[in-house]
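Structure assessment
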Amino acid sequence: MTGGEENSDGGKTDFHVLVVDDSTVVRMVHRMLITSLGLKVQEAKNGKEAVDLHINGAYFDLIFMDMEMPIMNGPTATRELRAMGVKSNIVGVTSCTFESAHKDFIEAGVNHCVSKPLTIAMISSFLPDSNNK
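Residues numbered from 1 in each chain as written. Predicted model: local features only at pLDDT ≥ 70, side-chain atom pairs only at ≥ 80, totals over all residues. Heavy atoms only, no water.

Within an unreviewed UniProt entry, the label attached to the protein reads Response regulatory domain-containing protein, and the organism entered is Salix viminalis.

Rendered as C-alpha cells:
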C-alpha cells in the first residue's frame, strides 16, 4: 500500500489512514468518520499490529494511535515506528485528559496528541489542504 498516488476520480490523491485501537466500537466509529471524508482506512487492534503492517511494507499518511492497548501500547508502538524510520504523521489518541499523559505520548514521538472522541473537524485538521474541505 502506498500513499499519495493519483487515482481515477479527477486526480484527487489517495490518503491512507491507519486507525490503531483495541476497541472494536472506537475503530468502527473512527472508520466511519474517516471514510466519510473520502479517505482510505485500515485498522489495527494494537500497537504490535501497526508495527507489523509497516514491517510488511505498508505505508500510511496519517496514523491515529490509541494510548492504552494490550500487547503493545501506543507510546511503545510509536517509538518502534520512529526507530524504523516511519515519517507518517502520528496522532496520539487518548481518553486521558491529563497533560502529563499527552506529554508522555509526545515524548514517544507522536506529532500531536488529542483526547477522544475524534470528530470530523479534528480529523480534517490533520489532512493536507487538498483533502481538507
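Don't stop here, the text continues.
**Considerations on the pairing of strand β4 (residues 89–94)**
Rule in force here: A simple rule labels every residue: compare its accessible area, found with a 1.4 Å probe on the protein chains alone, to the largest value its type can have, and call it buried under 20%, exposed over 50%, or partly exposed in between. Under the DSSP-based scheme used, a helix requires at least four consecutive residues in state H or I and a strand at least two consecutive residues in state E, with every element numbered from the N terminus. With its strands directed away from the observer, a crossover is right-handed exactly when the path from the first strand over the helix to the second travels clockwise. The rule for pairing is simple: two strands pair if DSSP sees at least two bridges between them.
With respect to burial, β4 is a largely interior element, six of its six residues being buried. Of the two faces of β4, the one carrying N89, V91 and V93 and the one carrying I90, G92 and T94 are both buried. Since strand β3 (residues 62–66) and β4 lie parallel, the crossover through helix α3 (residues 74–83) that links them has a hand, and here it is right-handed. By the bridge criterion, four bridges tie β4 to strand β5 (residues 112–115) in an arrangement that is parallel. Of the residues in β5, the one forming a bridge with T94 is S115.

**Some remarks on the packing of aromatic side chains**
Put simply, the rule is: Any two rings among Phe, Tyr and Trp, with Trp reduced to its six-membered ring, count as a pair given centres within 6.5 Å; such a pair is stacked if its planes are under 30 degrees apart, edge-to-face if over 60, and tilted if neither.
Per the counting criterion, the structure on display carries one aromatic pair. Residues F64 and F126 carry aromatic rings whose centres are separated by 6.1 Å and whose planes lie at 75° to one another, so their mutual orientation is edge-to-face. Of this pair, F64 sits in strand β3 while F126 sits in the segment after α5 (120–124), and the two are 62 residues apart along the sequence. On the accessibility criterion, F64 (2% relative accessible area) is buried.

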